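# Analysis of the macromolecular model
Residue-level listing of the chains:
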Amino acid sequence: YKALSNAGTWFIGRLQTEQDRNRVRDGLLAAAPTEGLDPKSLDATLASLGKRTFLLHNVHEKEPVLMQTRWAMSYLRGPLTREDIKKLVDPAGLAPSAARSATPTTAPAATPAPPRARPTPTTGANRPVLPPSVPVTFLAVRVGTPGAGTLRYEPRLLGTARVAYASAKYGVDVKRDLALVLEPGSGPVDWGQAEPLTPDVANLGREPESGLAFAELPPEFADPRTTKAALEQFRTWLRTEQPLTIRRSATLKALSQPDESEGAFRARLLLLAREARDQSTASMRQKYAVKFTGLQERLRRAEQAVQREQEQATGSKIDAAVSVGTAVLGALFGRKVISSASAGRVSSAMRKAGNVQRQSGDVERATETVASLHAQLVELETQVQADVAALESRFDTQTEPLEEISLRPRASDVTVQFCGVAWLPFSEDNQGNLWPAWG
């Protein structure tokens, strides 16, 4: 406590256990009882300290304040050689190779000093320094890139991930690899504005290629909080904004493949529709075949009945004519008094004449039955043609509206492989236009 009371400035960092926090708090309160420290607020502040965050207490301040440190890194060049010392002493290389003379010499005015050559960029010549917590990667330069333009690295925000889509209901089990790049902007990170990175992620490396300079790095890319927030937004965006869309045909109960386009799916549906239509047509004709067979059998029997009734009617007419003729002749050439036998022949002739009339009615009714059966056959054939046409329209897969089903991945099915700063090689022409130098 005595050492604490003699110190005018305290830096207290993150404490791991509650016991350590209680001991430090009690020590501070005992060492500086008159500093106006509140035990409750001090305890809450010590418990909420994060990484690289310190509680600063200065005797010249009214109350403690929080201070957060920043990363400070130094890349040491190493020992200087004789050539390095010469460059430091005489950067322009104007002095003679002999020892430096104490007497100054003046160069002729007509001979200007030669301009200093621009150094060729080398690996890391102007490479921006990033905190270790910021992931960095470099994309390889395309083989055979023309040398007309100047090659240089441009910073982008890169996110690569593998997303799995699984659904037992729709029979889907597929994985996709995504690589998206986002240009630096003034606003917050919006992965919806990102563009796909066409080359294989295997071309990404941890070290840059020699001979390429680096463009200026935006300040937000050097902030670890930017990449950390971008990582969380990338995961959320993959789960909510990158669903797997499949299409479904309600008529054929068919589903499209995960990477199948609508045109290819409709072409496949056309083949399935032809097979289903042929099966439905065969089943329908088989169902109507029973009705056709029954009607045709009834028609055959009706036509036979017509022929039979016509034959019976013809026989009755002849028999009636004979009976009537016999009765008339008997009445004319027989005795004057009509006997009972003659009366019987007349009565029989009259009955046969009545049979002729009844037989004619039977022929008419049989003929009407045949006509009715013919009409039923025509109607049944028309019904079959209408049902076939309905099948044709039912299996019209080119105009059928397809149902779209969106399958979103679960949180456990999203694996982010990289999210950080990526240096992409570009070629700059004489007009200042940048062209991708990868692929």
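The structure this text deals with has already been given above.
Residues numbered from 1 in each chain as written. Predicted model: local features only at pLDDT ≥ 70, side-chain atom pairs only at ≥ 80, totals over all residues. Heavy atoms only, no water.

Before going further, it helps to spend a moment on the overall build of the chain. Along the chain, the regular secondary structure elements total 7 helices and 14 strands. Across the 439 residues in the chain, those meeting the buried criterion constitute 29%. As presented, the chain carries roughly 29500 Å² of accessible surface, and 53% of it is formed by carbon and sulfur atoms. (Helix = DSSP H or I, 4+ residues; strand = E, 2+ residues; numbered from the N terminus. Buried < 20%, exposed > 50% of the residue type's maximum accessible area, 1.4 Å probe, protein only. Areas by Shrake-Rupley, 256 points an atom, 1.4 Å probe, with all protein chains shown as cover.)

What follows covers unusual backbone geometry. Despite not being glycine, K253 shows a phi value in the positive range, around 55 degrees. Its location among the elements puts K253 in the loop between β10 (244-249) and β11 (254-255).

When charged atoms on two side chains of opposite charge get close, those side chains can pair. The final tally for this structure, using the stated rule, is 11 salt bridges. Across the pair E260 and R268 runs a salt bridge whose closest N-O atoms are separated by 3.0 Å. Owing to a relative accessible area of 16%, E260 belongs among the buried residues under this scheme. The partner of D413 in a salt bridge is R410, with the nearest N and O atoms 2.9 Å apart. Given a relative accessible area of 14%, D413 falls into the buried group. When salt bridges that share partners are traced, they join R152, E154 and E428 into one network. (Salt bridge = Lys/Arg side-chain N within 4 Å of Asp/Glu carboxyl O.)

This next bit is on the packing of aromatic side chains. Applying the stated criterion to the full structure yields 6 aromatic pairs. Where W191 meets F234, the ring centres are 4.6 Å apart and the plane angle is 40 degrees; that geometry is what we call tilted. On the criterion of sequence distance, the pair formed by W191 in the loop between β6 (172-182) and β7 (195-196) and F234 in helix α5 (residues 224-241) is long-range, its members being 43 residues apart. A relative accessible area of 2% means that W191 is categorised as buried. Overall, F234 belongs to the buried group, its relative accessible area being 0%. (Phe/Tyr/Trp six-rings, centres within 6.5 Å; stacked < 30°, edge-to-face > 60°.)

This part is about the sheet that holds strand β2 (residues 53-58). Spatially, the 3 strands line up as an open sheet ordered β1-β2-β3, and their pairing is antiparallel. Looking along the sheet, the strands with just one partner apiece sit at the ends: β1 (9-12) and β3 (65-68). Neighbour-to-neighbour, the strand axes of this sheet turn through a mean angle of 30 degrees, independent of strand direction. Pairing of β2 with β3, which is carried by 4 bridges, proceeds in the antiparallel orientation. Directly across from L55, in β3, lies its bridge partner L66. (Pairing = 2+ DSSP bridges. Axes fitted to C-alpha atoms, helices over the stretch in contact; angles between N-to-C directions.)

Such coordinate-based values are descriptive only and should not be taken to indicate function.
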